[in-house]
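Residue-level structure breakdown
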Amino acid sequence: MRVSESCAGVSCGAARRCVVRGGRARCVCAAACRRAGPVCGSDGKTYRSLCRLRRRACRRPAKHLSLDYPGPCRVGSCEGVRCGGEKRCVLDAELGAHCVRCGGCSVAGAPVCAVDGRTYAGACALRKAACERGKALPLAYKGSCIANATCARVRCGAGQRCVSGGASGARCVSCGACRGGARRSVCGSDARTYVSWCRLQRATCHAGKLVDLMHPGPCKDNKNITDNSVNGEKHREDVDTTRVL
C-alpha cells in the first residue's frame, strides 16, 4: 500500500485507483466497471469484462487471477480461442480451454507413468507432452510404466487409492475433498453426471472402480444425475461423496 498526502504522482496499477483518506493517499480497488466484452480468467470462469476480472484479482490477490484469453471460457474445444504470444490452447482435465506456454525441460526428472500407458522423463516432460497434444495428460503413478500393471505393484501417495483399468493398467486417484476452481458438470463412463471432474475422481476412489470422463456437461439420462446434497447442505466443496453416490 502506497502512503502519501496527495494522489499526485501515485500509480496504482490496473483495476486500482488512488484516494485520499484521513490525509493519506491510498491505492484501493476500482469501484465500478463499464460494460465491455467478456473475457476468460485463469480460474476458468467467464467475466463480463477485463475490468471486472482485474477488480476480482485486486480484491483477492492470493488467487493470482489473470486474463487467460478474450471471449467467454470454452469447454470441450479450443475453437474460437485466441492465445497471444507463444502460448497455445490446451484442454484441462475437465476439458476447459486454457492458453499455456509449452516451454522445454532443462533436465530430466524422475520417470512417471501417464494414463496413456507411456513413461515420461519427469513431471515437466509430462506437462510438455500434454501441451503439445493440446489436452491434459493425467499422471497414473510415479515411476516407469509397468507392463500389465496391477494395483498390487503400484504405490500411491497419501490420500490416494489405486484402481485398475485404462491404458496404464492401474492408476492412482485422489480421495481428498474438492475445493475451489471452476465447477463444470461432466458425464462419467458409468452414465452418471458429476458436478466436477474432482467429484468424478472421488467417485472412482470410493467405488474402487475406474470412471472415465466421457464428455463435458450432463449425461443424456437425467435420472442418473448425481445429487450434490448431504444432510440438506448443497454445493459445498468438501461434501463427502461416499454419502451421495
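Up top you'll find the structure we're talking about.
Please read all numbers here as calculations on a predicted model, not as lab measurements.

1. Quick word on the sheet that holds strand E3 (residues 39-41)
- Reading across the sheet, the 3 strands line up as E4-E3-E5 and stay open at both edges, with antiparallel pairing between neighbours. A single partner strand is all that each edge strand has here, and the edge strands are strand E4 (46-47) and strand E5 (67-70).
- Looking at chain direction, E3 and E4 are connected through 2 bridges and run antiparallel. Bridge assignment links Cys 40 to a residue of E4, and that residue is Thr 46.

2. Here we look at a positive patch on the surface
- Taken together, Lys 45, Arg 56, Arg 59, Arg 60 and Lys 63 make up a surface patch of like positive charges.
- Along the chain, the position of Arg 56 falls in helix H1 (residues 50-59).

3. Side note on the side chain of Gln 201
- Looking at the secondary structure, you find Gln 201 in helix H3 (residues 197-207).
- Residue class for Gln 201 comes out buried when judged on its relative accessible area of 13%.
- Ignoring anything within four residues of it in the chain, the contact list for Gln 201 reads Val 173 and Ser 174.

4. Side note on the nonpolar core
- Ranked by internal contacts, the top residues of the largest apolar core, which has 15 residues, are Ala 114, Tyr 120, Leu 126, Leu 137, Ala 140, Tyr 141 and Val 154.
- Contributing elements (two or more residues each) for this core: strand E8 (112-114), helix H2 (123-133), strand E10 (139-142) and strand E12 (170-174).
- Tallying contributions element by element places E8 first for this core, with 3 residues.
- With residues near it in sequence (within four places) discarded, Ala 114 still touches Tyr 120, Leu 126, Leu 137, Pro 138, Leu 139, Ala 140, Cys 145 and Ser 168.
- Formed by 9 residues, the second largest nonpolar core is a distinct cluster that contains Cys 73, Leu 91, Ala 97 and Cys 99.

Thresholds, definitions, all that
Residues numbered from 1 in each chain as written. Predicted model: local features only at pLDDT ≥ 70, side-chain atom pairs only at ≥ 80, totals over all residues. Heavy atoms only, no water. Pairing = 2+ DSSP bridges. Helix = DSSP H or I, 4+ residues; strand = E, 2+ residues; numbered from the N terminus. Patch = residues over 30% accessible without salt bridge, like charges linked within 9 Å, V, L, I, M, F, W, Y side chains within 5 Å. Areas by Shrake-Rupley, 256 points an atom, 1.4 Å probe, with all protein chains shown as cover. Salt bridge = Lys/Arg side-chain N within 4 Å of Asp/Glu carboxyl O. Lys, Arg positive; Asp, Glu negative; His and termini not counted. Charge placed at Lys NZ, Arg CZ, Asp CG, Glu CD. Buried < 20%, exposed > 50% of the residue type's maximum accessible area, 1.4 Å probe, protein only. Contact = heavy atoms within 4.5 Å. Core = buried A, V, L, I, M, F, W, Y, C linked by side-chain atoms within 4.5 Å.

Shape is all these values report; function is a separate question.
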